[in-house]
Each structure stands twice: as structure tokens, then as C-alpha cells.
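# Structural description and commentary
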Amino acid sequence: MLDEFVVKNVDWCETRLDNVHYIMTTGGPVKVQVYLEGRKINLRLKNENPRELIYYIRCNGFVHPYSEPVGKEKVDAEYTYTKTLAAGKEDVYTIGHRSMITVIGHGGVPDEAKDLDKAYRDMVYAGFDVSFWNGRLINTGMMMKAARRNGIKLIAGGGNLSSYKMLADSVKRYKETVYGYYIGDEPFLKKVERYKNHVIINDLIPRVKAINDVDPDAYIRICLNPIYGPESQNPDGSYNNQKYAEYIDSCITRLQLKTLTFDNYSVMWSRGDEVLRRQWFDNLEIIRSQSIKHKIPFCGYVLSAQHLIYTMPTLGTMRLQMYANLAYGAKSIAYYTYWHRWMRGEGSYAAPVDTFGQRRAELYENVNRVNEEMARISSLFAEGTVKEVYHINGAPSNELVKPLTADRLPRNIESLSIEGNKSAIASMIEKGKDAYLVIVNKDFRNPVRLHIKGNKKLYHVSKCTLQSQEITTGDYIIEAGDIIIFKYL
């Protein structure tokens with residue numbers, strides 16, 4: 001149970017329930033309960049009066065009666081459910097979904113949050129499963145209990161803790177709520193003159209041992225450098241793919257990592273415009289290769305905060321980062337950051353939740369929407385295996401990507417093209433006996449038009465429901481940063 005309250009006449013729910021503007025009732029009060037059921041967030045209305053009543057729910061997308069299949073709701077259009085509820089009866093609506101791909105909030109709810117229960121509920125409503133906690137050991141129990149009450153798991157710790165054994169000891173009684181232990185960020189293999197105080201691998205190995213002495217099965221969480229880290233740069237400032245691959249390989253081996261995590265924030269401000277970072281896709285190619293080599297999953301990052309050279313994230317930029325990572329095989333996604341933060345030398349971060357715990361409306365809503373959209377199709381990425389990744393119409397400044405040529409098309413597809421020579425990612429995924437082609441629009445500002453023609457069985461797969469519709473040919477619009485799915489076996 002996430003929340004319970006009574007509506008006596010009208011209850012404005014915009015700050016309590018996502019996707020619901022208000023609930024209004026005539027004829028008597030109605031009890032409202034919000035609860036988790038597996039991967040659904042449900043809204044139950046109960047009439048405990050001796051006579052029937054009428055209620056109204058004014059919604060804005062992602063709401064549908066519990067018994068209806070996902071995908072029937074009207075997304076992005078205000079509408080109202082009006083129903084008569086008999087005495088002693090109840091109605092249930094689904095108001096959100098949780099993904100089969102774990103969604104993590106880096107820079108999560110802090111221990112000084114005024115209302116921890118509300119803060120964690122907001123994370124659940126926005127589609128998160130896990131929150132980073134960089135709090136004080138004295139508040140361990142308070143944080144763990146609040147997270148457990150609200151269906152959130154925690155990554156405990158931080159790079160500045162004095163004792164990781166004390167950390168592991170303090171959380172071991174809350175094992176079912178601990179997702180993992182955070183031991184540091186973007187380590188170097190050895191000291192770099194320009195960054196003398198930066199953490200190196202040798203600093204982290206004792207932290208891992210201290211945690212494993214208390215919890216041998218601990219999941220150790222560390223975010224590794226992106227390809228543009230200083231250890232991977234050539235003297236002329238270009239990036240060195242081989243050095244980066246060796247860096248990732250060494251970090252995995254020496255820290256015995258069970259999950260590979262890296263943070264390439266791929267949309268940046270440069271020379272008066274927002275652009276994709278060069279060699280972002282080489283970065284993804286190397287991460288995918290190392291993930292396969294070491295037989296461990298990888299976690300991709302989505303930038304959700306404005307700071308430094310990064311402008312305010314949009315629906316298009318977050319979609320692109322989400323779906324590009326999944327197209328390359330990511331099995332979890334982390335957002336940076338969820339909660340407002342201020343860092344020395346970097347200044348303020350404009351995040352989905354501000355320093356007072358209030359939602360930053362448009363940014364929070366975009367995160368919510370991307371997570372909700374992804375949740376609908378998450379089983380494909382959680383249970384499927386990415387077999388090949390290609391690029392349509394190239395990827396400038398990337399040496400490792402492979403172009404999608406006619407001879408690399410699945411045999412069920414005769415031709416595939418994008419108008420105007422626009423570029424996209426093409427990922428081929430197998431799930432059970434089925435094979436899928438996933439196309440991601442690499443333009444985070446504008447839609448593209450895709451032409452596809454099949455010569456055998458070919459299906460367009462709904463982004464809302466994963467249901468398939470047989471086609472022979474088709475023209476489709478892919479929104480900025482968005483995804484389209486086809487099944488060909």
C-alpha cells in the first residue's frame with residue numbers, strides 16, 4: 001500500500017498521484033487506495049456507503065481500468081472516467097507500470113528529505129525501482145524502513161565514507177531492501193598528474209574486501225569512466241578505443257564486478273548548439289563487447305539534470321539515451337541525477353526533484369513518461385538477447401560501428417531506408433523463437449520517416465502493447481529519439 005485517503009467531494013491529486021488531475025464524488029465519500037501489484041501501480045476506489053454513488057476521475061494519460069489490456073488508454077489527452085459505483089463495491093484502475101528493466105535514480109532521495117515516504121512514492125510513480133543513498137550511517141534504519149514501505153530498494157554508501165565495513169554492518173539487517181553498495185565514481189587505473197586527488201582502482205579494492213567480509217554476495221556498484229575520460233585520450237585530444245577497452249577490462253577484472261556501469265552523457269552544448277558527443281557509439285560498442293566477454297550485464301545512463309555543459313534534458317534526448325542503451329543490450333538504466341544537488345566546482349544541478357523535494361514539473365513528467373513507455377516494452381529487452389547492432393546512414397567520428405547494408409538485412413526484409421539520409425540505430429534481438437528488429441531515431445529534435453518492405457512474414461510491433469500486426473510494406477514516423485519495433489520470425 002502506497003497511499004490511502006478519503007474523497008468527500010473533490011480531491012485535487014496533481015501532487016499526490018501521477019496521471020490523475022482530480023477525483024470527485026457525489027452521493028457520499030469514497031475510499032481511495034494506491035498500491036503496488038507486481039509491476040503495476042493500481043488505484044482502487046471503494047464505496048463503503050449504504051447507497052450507490054457517482055465518481056469522476058480526470059486523467060492525463062497512462063490510466064486505464066484494471067481489466068483492460070495495456071495500450072487502450074489515451075496518452076497525452078485529458079479525459080474523464082465517470083461511473084456509478086454500487087454500495088459495497090469497488091473499481092480498480094492501473095495508473096502506471098514498473099519496468100522489467102531495473103530503473104535506478106543516481107543522486108536519489110537524501111536522508112535530510114522532510115518526508116521520506118512521499119519522496120520514495122514520487123520515485124515509484126516516476127518509474128524507479130532503486131534510489132542511491134549517500135546518507136549518514138546514523139540514518140540507515142530510517143532510510144531503509146521508508147524505502148521498504150514504499151517499494152524502493154537502496155544502493156547504500158558513497159565514495160567518502162570512512163568505513164565500508166561499518167556501512168555493510170549497518171545495513172545487513174535490511175538485506176531485502178539493499179540493492180547494492182556504492183564504492184566510488186569514475187576511477188583511474190593509476191594517478192593522473194592533472195587529477196592528483198582522483199580515486200584510483202587501488203583505493204577501491206580494500207572497500208570491496210571490507211564489504212565482502214560482511215556480505216559475501218554483495219553487489220558492488222561503481223560507475224566507470226566514459227570514453228572521453230583522460231586515461232583514454234591521445235596526446236592530440238582524440239579518443240583511443242584500445243586504451244578504453246583495456247581500462248574497462250582491467251576495472252572489471254580487478255574489482256570482480258558483477259555489472260558493468262558507465263556514464264557517457266551523450267548530448268552536450270558545443271559551439272552554440274546541442275550535439276551528440278563524438279564516439280558515443282564507439283563507447284557503446286566497447287561496453288557491449290566487454291559485457292559479452294566477461295558475461296556480465298551492463299547498465300546505461302540517461303542524463304536527467306541540467307548542469308555544466310549540459311542543457312535541460314528533453315523528452316527527445318532522454319528517449320534517445322534510453323533506447324540507444326537498450327538497443328546495445330543494457331539490462332538496467334540509471335538516471336543522473338534524480339534529486340537536486342550542488343557540487344563544489346560544478347555548481348547547481350537542475351534535476352526532476354528540487355532541493356525542497358518538489359517536482360520540477362516538465363522534467364519530472366518527461367522522466368515519468370520515458371519510464372512508462374519503456375516499461376510497456378521492457379520484456380523484449382529484459383528477456384531478449386541483442387545479436388547484432390548496425391547503424392543506418394553512418395555514425396561520423398565512430399570507428400567501430402557497422403553500417404546496415406542490404407546483405408545484413410534480415411531475410412524477411414527486402415528493403416529499409418530513412419528519408420533525407422537521416423541516421424538511426426538498427427538492433428537485432430532474439431527472444432525465444434522470435435526475432436526482432438529495433439530502430440532508434442538518432443535525431444533527438446526531429447522525427448524521421450522510415451520505409452520498410454518485407455518479402456516474407458513481417459510484423460509491426462506496438463510500442464504500447466508488444467502486440468504484432470502483419471504487414472508487407474509500410475511508412476512509419478519515428479519521433480525524436482524514439483523507437484520502432486518489427487518482428488520477422
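Everything numeric in this text was worked out from a predicted model, so none of it was measured. Along each chain, residue indices are assigned from 1 in the same order as the chain's sequence is written. Only residues with pLDDT of at least 70 are given local features in this predicted model, and only at 80 or more are side-chain atom pairs given and counted; all residues enter the totals for whole chains, interfaces and linings. Hydrogen atoms and water are omitted, and side-chain values are computed over all heavy atoms in the structure.

## Some words on the overall build of the protein
This is how it is decided: Secondary structure elements are taken from DSSP: a helix is a run of H or I of four residues or more, a strand is a run of E of two residues or more, and numbering for both begins at the N terminus. Atoms considered for the radius of gyration are the C-alpha atoms alone. The globule rule reads 2.2 Å times the number of residues to the power 0.38. Per-residue accessibility, obtained with a 1.4 Å probe over protein chains only, is compared with the maximum for each type, and a residue is labelled buried under 20%, exposed over 50%, and partly exposed between these values. We call two residues in contact when some of their heavy atoms are within 4.5 Å. Areas reported here follow the Shrake-Rupley algorithm with a probe of radius 1.4 Å; residue values treat only the protein chains shown as occluding. Positive residues here are Lys and Arg, negative ones are Asp and Glu, while His and the chain termini are left out of the count. For charged residues, the charge sits on one atom: NZ in Lys, CZ in Arg, CG in Asp, CD in Glu.
Summing up its helical and strand segments, the protein has 8 helices and 28 strands in all. Against the 2.2 N^0.38 benchmark of 23 Å for 489 residues, the protein shows a C-alpha radius of gyration of 24 Å, consistent with a compact globule. Principal-axis analysis of the C-alpha atoms places the extent of the protein at approximately 80 × 65 × 45 Å. The burial tally for the protein puts 57% of its 489 residues in the buried class. Considering only residue pairs separated by 6 or more positions, the protein has 70% of its internal contacts joining residues 24 or more positions apart. Summing over all exposed atoms, the protein offers an accessible surface of approximately 21,300 Å²; the carbon and sulfur share of this is 48%. Across the protein, 65 positive and 57 negative side-chain charges occur, with their mean positions spaced 3 Å apart.

## Brief notes about the pattern of salt bridges
Put simply, the rule reads: Only one rule defines a salt bridge in this text: a Lys or Arg side-chain nitrogen within 4 Å of an Asp or Glu carboxyl oxygen.
Taken as a whole and judged by the stated rule, the model has 27 salt bridges. In this structure, E383 engages K431 in a salt bridge whose closest nitrogen and oxygen atoms are separated by 3.3 Å. You can see E383 sitting in helix α8 (residues 361-383) and its partner K431 sitting in strand β24 (residues 424-431), a full 48 residues away along the chain. For E383, a relative accessible area of 45% puts it in the partly exposed group.

## Comments concerning the sheet that holds strand β7 (residues 64-65)
Spelled out, the test is: Only when DSSP finds a minimum of two bridges between them are two strands counted as paired.
A sheet is described by the order of its strands in space; here 5 strands give the open sequence β1-β4-β5-β9-β7, paired in antiparallel fashion. Bordering the open sheet on either side are β1 (3-7) and β7, each of which pairs with just one other strand. Examined bridge by bridge, strand β4 (residues 30-37) and strand β5 (residues 40-46) share 7 bridges and lie antiparallel to one another. Within the sheet, the bridge partner assigned to V34 lies in β5 and is L43.

## A look at a nonpolar patch on the surface
Going by this rule: Note that patches include only residues with greater than 30% relative accessible area and no salt bridge, and the join distances are 9 Å for like charges and 5 Å for nonpolar side chains (Val, Leu, Ile, Met, Phe, Trp, Tyr).
On the surface, W269, L308 and I309 cluster together into a nonpolar patch covering about 300 Å² of accessible area. Residue placement: L308 occurs in the loop between β18 (298-303) and α7 (315-327). For L308, a relative accessible area of 53% gives the class exposed.

## Some remarks on empty space enclosed by the protein
Defined as follows: Only protein atoms enter the calculation, which uses a 1 Å grid: trapped sets of points that fit a 1.4 Å probe without letting it out are cavities, open sets showing protein on both sides within 12 Å along at least five of seven lines are pockets, and any residue with an atom within 4 Å of a point is a lining residue. Grid points are joined across faces, edges and corners, and a volume is the space filled by probe spheres set on the points. Ten residue types, Ala, Val, Leu, Ile, Met, Phe, Trp, Tyr, Cys and Pro, are classed as nonpolar, four, Asp, Glu, Lys and Arg, as charged, and the remainder, Gly among them, as polar.
Going through the model one piece at a time under the given rule, you end up with 4 cavities of 30 Å³ or more. Counted as a void, the largest cavity has a volume near 60 Å³. Lining the largest cavity we find V267, E274, L303, Y310, T311, M312, P313, T317 and Q321. Broken down by class, the residue content of the lining of the largest cavity amounts to 5 nonpolar, 3 polar and 1 charged.

## Comments concerning the packing of aromatic side chains
To be explicit about the condition: Whether two aromatic rings pair depends on their centres lying within 6.5 Å, for rings of Phe, Tyr and Trp, where Trp uses its six-membered ring; planes under 30 degrees apart make the pair stacked, over 60 edge-to-face, and the rest tilted.
Taken as a whole and assessed by the stated rule, the structure comprises 15 aromatic pairs. Between Y55 and Y93, the aromatic rings sit 6.4 Å apart at their centres with planes inclined by 90 degrees, giving edge-to-face as the arrangement. One end of the pair, Y55, is in strand β6 (residues 53-60); the other, Y93, is in strand β9 (residues 90-97), with 38 residues separating them in the sequence. For Y55, a relative accessible area of 0% puts it in the buried group. On the numbers, 5.5 Å between centres and 70 degrees between planes, the contact of Y476 with F486 is edge-to-face. Of this pair, Y476 sits in strand β27 (residues 468-478) while F486 sits in strand β28 (residues 483-487), and the two are 10 residues apart along the sequence.

## Overview of the nonpolar core
Stated formally: For this analysis, a nonpolar core means a set of buried residues of the types Ala, Val, Leu, Ile, Met, Phe, Trp, Tyr and Cys, connected via side-chain atoms within 4.5 Å.
One finds L43, I57, Y120 and Y335 to be the most contacted residues of the largest nonpolar core, which totals 135 residues. Take this core: its biggest share by element is 8 residues, from α8.

## Let's talk about the environment of S332
Tracing the sequence through the fold places S332 in strand β19 (residues 332-336). A sequence separation of 111 residues divides S332 from D443, and the C-alpha atoms of the two residues are 23 Å apart. Excluding residues that lie within four positions of it along the chain, S332 makes contacts with I101, T102, F298, C299 and G300.

## As for helix α4 (residues 201-214)
Rule in force here: Expected helix span is computed as 1.5 Å times (number of residues minus one).
Between its first and last C-alpha atoms α4 spans 21 Å; for 14 residues at 1.5 Å apiece the expected length is 20 Å, and the two agree. Within α4, burial applies to I201, L204, R207, V208, A210 and I211. Those residues of α4 hidden inside the fold are in contact with α3 (164-171), β13 (178-185), β14 (220-223) and α5 (241-255).

## Details of the sheet that holds strand β2 (residues 10-12)
Using the following cut-off: Every angle, taken between N-to-C directions, lies between 0 and 180 degrees, and every axis is a line fitted to C-alpha atoms, over only the stretch in contact when it is a helix.
Strand order in the open sheet formed by 4 strands is β2-β3-β6-β8, and the pairing between neighbours is antiparallel. Each edge of the open sheet is held by one strand with a lone partner, namely β2 and β8 (78-85). Pairwise comparison of adjacent strand axes, ignoring direction, gives a mean angle of 10 degrees for this sheet. Inspection of the sheet shows strand β3 (residues 20-26) paired to β6 by 6 bridges, in the antiparallel sense.

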